[in-house]
Amino acid sequence: MFNTKSKKEEPVIISPSFQLPIILIVLSFMLLFLNIGSLPTIVFASFSFFLLLQSFTLRIKITNDDFIVLQLGKEIRTFPFKNWISWKFFFPIIPGIFYFREKSSPHLLPILFNPKQLKDELIKKVESLEIKNS
């Protein structure tokens, strides 16, 4: 089920990607031309800048056994691979959303990280759990 190796590999920190927040910031300012008022633009732009901030502060660390979320270098959440049921990337080209399901709950994360590097690492660790496109 899981790819286990006799030797321990070094943890991998997934590099950030600012593509999603920047795309959303540009789209939020384009809302000004739709004559729908400034409130939707302010809300959408605020969310976009929040994601940009998260891109600078959050990191993903992948070890042999865990998917770890770091904020400013401090571990804030650990998701052991042994509890994972499935995972999938939605709209990876845009980039979009990373979904994974644990035994206890599902999780959706905006892709604020290098999607290729993240997917490559997940394939190494939990390839058999990937939800394939049909």
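For clarity, every value in this text was computed on a predicted model and none was experimentally measured.

Trainee: Outline the overall build of the protein chain, supporting the account with residue identities and numerical values.
Mentor: Helix and strand content of the protein chain: 3 helices and 7 strands. Shown N-terminal to C-terminal, the secondary structure of the protein chain runs as helices and strands in the order β-α-α-β-β-β-β-β-β-α. Taking the principal axes of its C-alpha atoms as reference, the protein chain extends roughly 60 × 35 × 25 Å. When each of the 134 residues of the protein chain is scored for burial, the buried share is 37%. Sequence-distant contacts in the protein chain: of pairs separated by 6 or more residues, those separated by 24 or more amount to 53%.

Trainee: Before we move on, could you go through the layout of surface pockets and cite the residues and values that matter?
Mentor: The calculated volume of the second largest pocket comes to roughly 220 Å³. Around the second largest pocket, the lining is made up of 15 residues, and of these Leu58, Val69, Leu109, Pro110 and Phe113 lie nearest the centre. Broken down by secondary-structure element, the contributors of at least two residues to the lining of the second largest pocket are helix H2 (38-57), strand E2 (58-62), strand E4 (74-80) and strand E7 (106-110). The residue inventory of the lining of the second largest pocket, partitioned by class, reads 12 nonpolar, 2 polar and 1 charged.

What counts and what doesn't
- Sequence order as written defines the numbering, with residues in each chain counted from 1.
- Selection of residues for local features in this predicted model requires a pLDDT of at least 70, selection of side-chain atom pairs for listing and counting requires 80 or more, and totals for whole chains, interfaces and linings are taken over all residues.
- Hydrogens and water molecules were not included; the side-chain quantities draw on all heavy atoms of the structure.
- Every helix listed is a DSSP run of H or I at least four residues long, and every strand listed is a run of E at least two residues long, numbered separately from the N terminus.
- Residue exposure (1.4 Å probe, protein chains only): buried if accessible area is under 20% of the type maximum, exposed if over 50%, otherwise partly exposed.
- The contact rule is simple, with two residues in contact once any of their heavy atoms fall within 4.5 Å.
- Put plainly, a pocket is an open set of points on a 1 Å grid over the protein atoms alone with protein on both sides within 12 Å along at least five of seven lines, a cavity is a set where a 1.4 Å probe fits but cannot get out, and a lining residue has an atom within 4 Å of a point.
- Grid points are joined across faces, edges and corners, and a volume is the space filled by probe spheres set on the points.
- Any residue that is not Ala, Val, Leu, Ile, Met, Phe, Trp, Tyr, Cys, Pro, Asp, Glu, Lys or Arg is counted as polar, Gly included; the first ten are nonpolar and the last four charged.

Everything listed here is a matter of geometry and, on its own, says nothing about what the molecule does.
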